[in-house]
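A closer look at the structure
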Amino acid sequence: MNAPERFEMFMIPEGARKIDIIKDSKMANCLQFNIQREDHTIANILRYRLLNHPHVLFVAYRVPHPLEYYVELKVQT
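Residues numbered from 1 in each chain as written. Predicted model: local features only at pLDDT ≥ 70, side-chain atom pairs only at ≥ 80, totals over all residues. Heavy atoms only, no water.

What follows concerns the pairing of strand E1 (residues 19–23). Note: E1 against strand E2 (residues 30–36), five bridges, orientation antiparallel. Paired with Ile21 across the two strands is Phe33, which belongs to E2. The loop that links E1 with its antiparallel partner E2 comprises six residues; one of these, Asn29, has a positive phi angle of about 50 degrees. (Pairing = 2+ DSSP bridges. Helix = DSSP H or I, 4+ residues; strand = E, 2+ residues; numbered from the N terminus.)

Dropping the structure here:
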């Protein structure tokens, strides 16, 4: 089977960062957070909590592929 080992969905590789922050050039006041080794659970909680903040205009997340264990969270203020 082509699936990676089960422990890879929890263990961050040596030298990798938990969260990478990328400035989005297509939207004003927008950042993208790539959160390693997380899934829909934490992303949906963050989205819900951020949308309750009065300065946040837009929040969305996506999981690019089920076998890649990271979430892309985009926030615009």
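Roughly 190 Å³ of internal volume is contained in the largest pocket. Of the residues assigned to the lining of the largest pocket, the class counts are six nonpolar, one polar and four charged. (1 Å grid on protein atoms, 1.4 Å probe; cavity = no way out; pocket = protein on both sides within 12 Å on 5 of 7 lines; lining within 4 Å. Points joined across faces, edges and corners; volume = space filled by probe spheres on them. Nonpolar A, V, L, I, M, F, W, Y, C, P; charged D, E, K, R; others polar.)

Time to look at the side chain of Arg37. Tracing the backbone through its elements, the reader meets Arg37 in the loop between E2 and helix H1 (40–51). Reaching out from Arg37, the side chain makes a polar contact with the backbone oxygen of Met11 at a distance of 2.9 Å. Apart from residues no more than four positions distant in its own chain, Arg37 is found in contact with Glu8, Met9, Phe10, Met11, Ile12, Pro13, Lys18, Tyr69 and Tyr70. (Polar contact = N/O pair within 3.5 Å; in protein donor to acceptor, adjacent residues only side chain to side chain. Contact = heavy atoms within 4.5 Å.)

This paragraph deals with the pattern of salt bridges. Charged atoms that come close allow side chains of opposite charge to pair. The tally for this structure, following the rule as stated, stands at three salt bridges. Close ionic contact of Glu38 with Lys18 constitutes a salt bridge, the shortest N to O distance being 2.9 Å. One end of the pair, Glu38, is in the loop between E2 and H1; the other, Lys18, is in the segment before E1, with 20 residues separating them in the sequence. Taking the relative accessible area as the measure of exposure, Glu38 reaches 28% and is therefore partly exposed. The partner of Asp24 in a salt bridge is Lys74, with the nearest N and O atoms 2.9 Å apart. With Asp24 in the loop between E1 and E2 and Lys74 in strand E4 (residues 70–76), this residue pair connects regions lying 50 residues apart in the sequence. The exposure class assigned to Lys74 is partly exposed, which follows from its relative accessible area of 24%. (Salt bridge = Lys/Arg side-chain N within 4 Å of Asp/Glu carboxyl O. Buried < 20%, exposed > 50% of the residue type's maximum accessible area, 1.4 Å probe, protein only.)

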